[in-house]
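Results of the structural survey
Given next are the chains, with one letter for each unit.
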Amino acid sequence: MRRALLLVPLLLTLMLASPAVAAPWTWPLGDHTIERPFDPPSSEYGAGHRGVDIPGRVGQTVRAVAVGRVAFAGRVAGIWTITIEHGGERSTYQPVAPSVRVGDAVTAGQPIGRLLGDHPSCRRTCLNLGRLRGDEYLDPADLLATAGAYRLIDPDGEVPEPPDVGTGDLPIDGPVTSAFGMRVHPVTGVRKLHDGVDVGAPCGTPVPAVAAGEVGHAGFRGGYGLQVQVEHAGGVATSYSHLGSVTVRPGQRVGAGTVVGRVGSTGYSTGCHLHFMRLVDGRPVDPLAAR
């Protein structure tokens, strides 16, 4: 009995001294490739690479790697940065325009912002993902699913073409100027869910339906301005807002690629763009998460 009582404090000491094994991380971008791996510095201020670089595209949705709470969302040395607490560890994301704010609870895979360009460690657009435990930098690749899928680039060779990151179907080409997720509305100043993605394009650009279906709405709808909504099979619908003109009518059957309108700036809009939404059973979901 005495021996058992002595063992209990010893076991507790060992448990507290050993850091908990962190849960696996989900990938923050659609591409599961690491172009520049973790290279820890030899000293606190020494040279090295304190994270991993994941290739991406400007405007691409960036997602939380694990459940946690936003600890920081702002600029660090002029670079937009998000930090999320995950118990004993933190993840960092650069350069990312945040759609979350300090104190927000997030889940694994939840959109937290959109990718920006010109990170100093990237030769082209990429996300710099970091992992810390206290002040110690750790290798994020150890927690990423299918870690080890590296594609190292010859610094003296040709820069390869960006990979297909599978960001879902968008009706028109153009930069994603505002991603799906919480944000402060640029017109009303109210912080609310941005229930679609904004794609920048010149006014007058033809807008095709992304899939076959039946037009459920075609006309003005409040802050959305001129909007077309197409009902598809399986409770899925897509909508196209802030249009300058509409070329279909309610009840009309359309095929994938049928032009439903043209880009405009109607409703609560600050310029020519398309607000594209995807709804499942009436609830908006991130169009860029569609695979």
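Numbers given for residues are sequential positions, taken from 1 along each chain in its written order. Local features in this predicted model are restricted to residues whose pLDDT is 70 or higher, and side-chain atom pairs enter the listing and the counts only when it is 80 or higher, whereas totals over whole chains, interfaces and linings include all residues. Remark: hydrogens and water are excluded; side-chain values derive from all non-hydrogen atoms of the structure.

**Brief notes about the overall build of the chain**
A run of H or I in DSSP becomes a helix once it reaches four residues, and a run of E becomes a strand once it reaches two; helices and strands are each numbered from the N terminus. Along the chain, the regular secondary structure elements total one helix and 22 strands. Only protein chains enter the accessibility calculation, which uses a 1.4 Å probe. A residue is then buried if its area is under 20% of the maximum for its type, exposed if over 50%, and partly exposed in between. Taking all 291 residues of the chain together, the buried fraction comes to 44%. Should any heavy atoms of two residues lie within 4.5 Å, those residues are counted as being in contact. In the chain, of all internal contacts separated by at least 6 residues, the share reaching a separation of at least 24 is 63%. Accessible surface is estimated by sampling points in the Shrake-Rupley manner with a 1.4 Å probe; for residues, cover comes only from the protein chains shown. As presented, the chain carries roughly 14,800 Å² of accessible surface, and 56% of it is formed by carbon and sulfur atoms.

**Overview of the packing of aromatic side chains**
Any pair of Phe, Tyr and Trp rings, taking the six-membered ring for Trp, is counted once the centres come within 6.5 Å. Such a pair is stacked with planes under 30 degrees apart, edge-to-face with planes over 60 apart, and tilted for the rest. Per the counting criterion, the structure on display carries one aromatic pair. Seen in terms of ring centroids, Tyr240 and Phe276 are 5.4 Å apart; in terms of plane orientation they differ by 45 degrees. Their pairing is tilted. Of this pair, Tyr240 sits in strand E18 (residues 236–246) while Phe276 sits in strand E21 (residues 273–280), placing them 36 residues apart in sequence. Accessibility expressed as a relative area gives 0% for Tyr240, which makes it buried. Judged by relative accessible area, which is 0%, Phe276 ranks as buried. Here, a charge over a ring is recorded when the distance from Lys NZ or Arg CZ to the ring centre is within 6 Å and its angle to the ring normal is within 35 degrees. The side chain of Arg50 reaches across the aromatic face of Tyr137, ending 5.7 Å from its centre.

**Comments concerning the sheet that holds strand E6 (residues 96–98)**
Here the rule is simple: two strands pair whenever DSSP picks up at least two bridges between them. Taken in spatial order, the three strands make up an open sheet running E2-E8-E6, and their pairing is antiparallel. A strand with exactly one partner marks an edge of an open sheet, and here the two such strands are strand E2 (61–63) and E6. Between one strand axis and the next, the sheet turns through 45 degrees on average, direction left out of account. Looking at chain direction, E2 and strand E8 (residues 111–115) are connected through three bridges and run antiparallel. Each bridged residue has a counterpart across the sheet, and for Arg63 the counterpart in E8 is Pro111. An axis is simply a line fitted to the C-alpha atoms; with a helix, the fit covers only the stretch in contact. Between two such axes, the angle follows the N-to-C directions and lies from 0 to 180 degrees.

**Description of the layout of surface pockets**
In this analysis the probe radius is 1.4 Å and the grid spacing 1 Å, with only protein atoms considered; a cavity is a set of points the probe fits into but cannot get out of, a pocket is an open set with protein on both sides within 12 Å along at least five of seven lines, and lining residues have an atom within 4 Å of a point. Grid points are joined across faces, edges and corners, and a volume is the space filled by probe spheres set on the points. Space inside the second largest pocket adds up to approximately 350 Å³. Arg50, Thr92, Gln94, Asn128 and Tyr137 are the residues nearest the centre of the second largest pocket, which is lined by 15 residues in total. Secondary structure elements with two or more residues in the lining of the second largest pocket: strand E4 (79–86), strand E5 (89–94) and strand E9 (126–133). Tallying contributions element by element places E9 first for the lining of the second largest pocket, with three residues.

**Overview of unusual backbone geometry**
It is generally the case that most residues other than glycine have a negative phi and that most peptide bonds are trans. Along the chain, Gln94 connects to Pro95 via a cis peptide bond; the corresponding omega equals -20 degrees. Mapped onto the elements of the fold, Pro95 is located in the loop between E5 and E6. Here Ala77, not a glycine, exhibits a phi torsion of approximately 50 degrees, which is positive. Inspection of the secondary structure assignment puts Ala77 in the loop between strand E3 (68–76) and E4.

**A few points about the pairing of strand E20 (residues 259–263)**
Of the strand pairs in this sheet, strand E15 (residues 206–208) and E20 are connected by three bridges, and their pairing is antiparallel. Each residue of the ladder has a partner; that of Val207, found in E20, is Gly261. Sheet topology note: the E18/E20 ladder contains three bridges and is antiparallel. In the strand pairing of E20, Ser245 is matched with Arg262.

**Re the pairing of E21**
Looking along a regular strand, one sees the side chains alternate between the two faces of the sheet. Along E21, seven of the eight residues are buried, which leaves the element largely enclosed by surrounding structure. As defined by bridge partners, strand E14 (residues 197–200) adjoins E21 across four bridges and the pair is classed as antiparallel. The partner of Asp198 across the bridge, within E21, is His275. In the sheet, E18 pairs with E21 via six bridges, with the strands oriented antiparallel.

**Brief notes about the environment of Trp27**
Structurally, Trp27 can be placed in the loop between helix H1 (2–17) and strand E1 (52–55). Sequence-wise, Trp27 and Ala64 are 37 residues apart; in three dimensions their C-alpha atoms are separated by 8.1 Å.

**Some thoughts on the nonpolar core**
Of all hydrophobic cores here, the largest spans 25 residues; its most connected members are Val62, Ile84, Tyr93, Ile112 and Leu129. In this structure, Val176, Val197, Val260 and Val263 belong to the second largest nonpolar core, which totals 21 residues. As used here, the term nonpolar core means buried Ala, Val, Leu, Ile, Met, Phe, Trp, Tyr and Cys residues forming a set that is joined through side-chain atoms within 4.5 Å.

**Re the environment of Pro120**
Residue position: Pro120 is located in the loop between E8 and E9. In this structure the C-alpha to C-alpha distance between Pro120 and Pro95, which are 25 residues apart in sequence, comes to 9.5 Å.

**Section: the side chain of Thr238**
With respect to the secondary-structure elements, Thr238 resides in strand E18. Counted as a polar contact is a pair of N or O atoms within 3.5 Å, where, for protein atoms, one must be capable of donating a hydrogen and the other of accepting one, and residues adjacent in sequence contribute only when both atoms are in side chains. For Thr238, the side chain forms a polar contact with the side chain of His232, separated by 2.8 Å. Among the polar contacts made by the side chain of Thr238, one reaches the side chain of Tyr240 at a distance of 2.8 Å. Setting aside anything within four residues of it in sequence, one finds Thr238 in contact with Val210, Val228, Gln229, Val230, His232, Phe276, Met277 and Arg278.

These results come straight from atomic positions and should not be treated as a statement about function.
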